[in-house]
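Listed here are the chains, written in short residue letters.
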Amino acid sequence: SGGDPALAVAGLEVRYGAVTALRGVSLEVAEGEVVALLGANGAGKTTMLRTISGLVRPRAGRISLFGRRIDQLRPPRIVALGIAHSPEGRRLFGSLTVAENLRLGSVSRKDREAVAGDREKIFTLFPVLRERRNQQAGTLSGGEQQMLALGRALMARPRLLLLDEPSLGIAPLLVQQIFATLGELKAMGVTMLLVEQNIGVALALADRAYVLRTGQVALAGAARDLKEQYEEVAAAYLGAG
Ligand code: ATP
């Protein structure tokens, strides 16, 4: 609906037993925007994405997708409303082929012809996936699995794409390639919330960024400005724990 942001999170609090993982976190992602969520290990980044996807229930706060409240919904419903999540560690179906994994990304779609077209686009973005379409996903290299996870998320034609550490465990050259592809998706208007440990590549892609420190927003602003505050951003990382 109209001017509502793609994603609005307000006053989010998440606990795991005695551990408070997020405390009073608020953030927004506008339609077409790429927002990076940065922070040290344990800062709460993955928890944030899992809570948006409905995999973790918040204790307090609200989450809205294009003005519609989603924090009480179950994960399949949230997927159906247009959120795709490419999780850390990729979570592919290792014994299924590349093509089968891509098909799973589009199971909720009815527009069969558009699905076929999107599959072609993904094969154009990632030619290696076309070459290996009949190979078991579990036998792909780490970088190839990351591409497949991203491709599978895109097959849902998400209104909001959540990406958890697309650079994790990947060689620098492949990181460049994946971020170049994310840049193409951004140019196509795909809205993204990106969790990254790699500050440099994340700030080069993002429009804005939030830095989490022990479950709270420590810094936020335009990616351009945060690049200049690099020392402060890095300090927020080191200061975690
Ligand atoms: P990383 O960069 O290492 O993935 P992160 O910023 O994504 O870290 P989270 O994984 O969200 O951080 O974890 C935030 C905090 O919540 C940490 O202290 C973590 O130990 C704790 N935590 C996460 N998941 C659980 C869980 N299932 N049960 C208990 N504590 C958890």
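What counts, and at which threshold
Residues numbered from 1 in each chain as written. Predicted model: local features only at pLDDT ≥ 70, side-chain atom pairs only at ≥ 80, totals over all residues. Heavy atoms only, no water. Salt bridge = Lys/Arg side-chain N within 4 Å of Asp/Glu carboxyl O. Buried < 20%, exposed > 50% of the residue type's maximum accessible area, 1.4 Å probe, protein only. Near = heavy atom within 4 Å. Polar contact = N/O pair within 3.5 Å; in protein donor to acceptor, adjacent residues only side chain to side chain. Areas by Shrake-Rupley, 256 points an atom, 1.4 Å probe, with all protein chains shown as cover. Helix = DSSP H or I, 4+ residues; strand = E, 2+ residues; numbered from the N terminus. Contact = heavy atoms within 4.5 Å. Pairing = 2+ DSSP bridges. Axes fitted to C-alpha atoms, helices over the stretch in contact; angles between N-to-C directions. Parallel < 35°, antiparallel > 145°, perpendicular 65-115°, else oblique. Left-handed = near helix turned anticlockwise from the far one by under 90°. Nonpolar A, V, L, I, M, F, W, Y, C, P; charged D, E, K, R; others polar.

Visitor: Just to check I follow, could you spell out the pattern of salt bridges for this structure?
Guide: Applying the stated criterion across every chain yields a total of 11 salt bridges. A salt bridge links arginine 15 to glutamate 13, with the nearest nitrogen and oxygen atoms 3.1 Å apart. By relative accessible area, arginine 15 is classed as partly exposed at 38%. Linking arginine 59 and glutamate 13 is a salt bridge whose minimum nitrogen-to-oxygen distance equals 3.8 Å.

Visitor: When you look at the site of the ligand in this model, what are you seeing that I'm missing?
Guide: Taken together, 13 residues lie near the ligand, and Asn41, Gly42, Lys45, Thr46 and Thr47 sit nearest. One of the side-chain N or O atoms of asparagine 41 is found 2.7 Å from an oxygen atom in the ligand. Measuring from an oxygen atom of the ligand, one finds a side-chain N or O atom of glutamate 165 at 3.4 Å. A total of 630 Å² of accessible area belongs to the ligand in isolation, and the protein chains cover 61% of it.

Visitor: For this particular structure, what's the right way to read the side chain of threonine 97?
Guide: Positionally, threonine 97 belongs in the loop between strand S6 (83–86) and helix H3 (98–105). Residue classification places threonine 97 among the buried positions, given a relative accessible area of 15%. Excluding its chain neighbours within four sequence positions, the residues that come into contact with threonine 97 are Arg133, Asn134, Gln135, Gln136 and Ala137.

Visitor: Whenever I open this one, the pairing of strand S10 (residues 216–222) confuses me. Can you help?
Guide: Side-chain direction in a regular strand flips from residue to residue, so the side chains alternate between the two faces of the sheet. Here strand S9 (residues 208–213) runs beside S10; their pairing, made up of six bridges, is antiparallel. Among the inter-strand pairings, tyrosine 210 is bridged to a residue of S10, identified as alanine 220. Hairpin remark: S9 followed by S10, antiparallel, with two residues in the connecting loop; positive phi at threonine 214, about 40°.

Visitor: Help me understand the environment of glycine 24 in this model?
Guide: The residue glycine 24 is located in strand S2 (residues 19–29) in this model. When the C-alpha atoms of glycine 24 and glycine 11 are compared, they prove to be 4.0 Å apart, with 13 residues separating the residues in sequence. When residues no more than four places from it in sequence are discounted, the contact partners of glycine 24 are Gly11, Leu12 and Glu13.

Visitor: Sorry if this is basic, but what is going on with the packing of helix H6 (residues 142–154) against helix H7 (residues 172–187) here?
Guide: Relative orientation and spacing of two packed helices are given, respectively, by the angle between their axes and the distance between those axes. Between H6 and H7, the least distance of the axes is 10 Å, while the angle of their chain directions is 15°. If you check the angle between H6 and H7, you find them roughly parallel. For the pair H6 and H7, the crossing hand works out as right-handed. Along its contact with H6, which presents Gly143, Gln146, Met147, Leu150 and Leu154, the element H7 presents Leu174, Gln177, Ile178, Leu182 and Leu185. Each residue belonging to the contact of H6 with H7 can be placed in one class, and the counts come to seven nonpolar, three polar and no charged.

Visitor: What's the story with the side chain of glutamate 33 in this structure? I'm lost.
Guide: By the element assignment, glutamate 33 lies in the loop between S2 and strand S3 (34–39). Side chain to side chain, glutamate 33 and arginine 208 meet in a polar contact 2.6 Å long. The contact partners of glutamate 33, leaving out residues within four places of it in the chain, are Glu28, Val190, Thr191, Met192, Asp207 and Arg208.

Visitor: How should I be thinking about the sheet that holds strand S5 (residues 68–69) in this particular structure?
Guide: Strand pairing in a sheet is mediated by backbone hydrogen bonds. Such pairs are either parallel or antiparallel. Within the open sheet, the four strands sit side by side as S2-S1-S4-S5. Their pairing is antiparallel. The sheet is open, and its two edges are formed by S2 and S5, each paired on a single side. For strand S4 (residues 60–65) and S5, the ladder comprises two bridges, and the chain directions are antiparallel. In the strand pairing of S5, serine 64 is matched with arginine 69. Along the sheet face, helix H1 (residues 45–52) touches strand S1 (7–16), S2 and S4 and points at about 115° away from the line of S1.

Visitor: How do you make sense of the environment of aspartate 207 when you look at a structure like this?
Guide: Following the sequence through the fold, aspartate 207 ends up in the loop between helix H8 (199–205) and S9. With relative accessibility at 31%, the residue aspartate 207 sits in the partly exposed group. Counting along the chain gives 21 residues from aspartate 207 to lysine 186, while the straight-line C-alpha distance between them is 10.0 Å. Beyond its immediate chain neighbours, meaning those up to four positions away, aspartate 207 contacts Gly32, Glu33, Val34, Lys186, Ala222 and Ala223. Among the polar contacts listed, one links the side chain of aspartate 207 to the side chain of lysine 186, at a separation of 3.1 Å.

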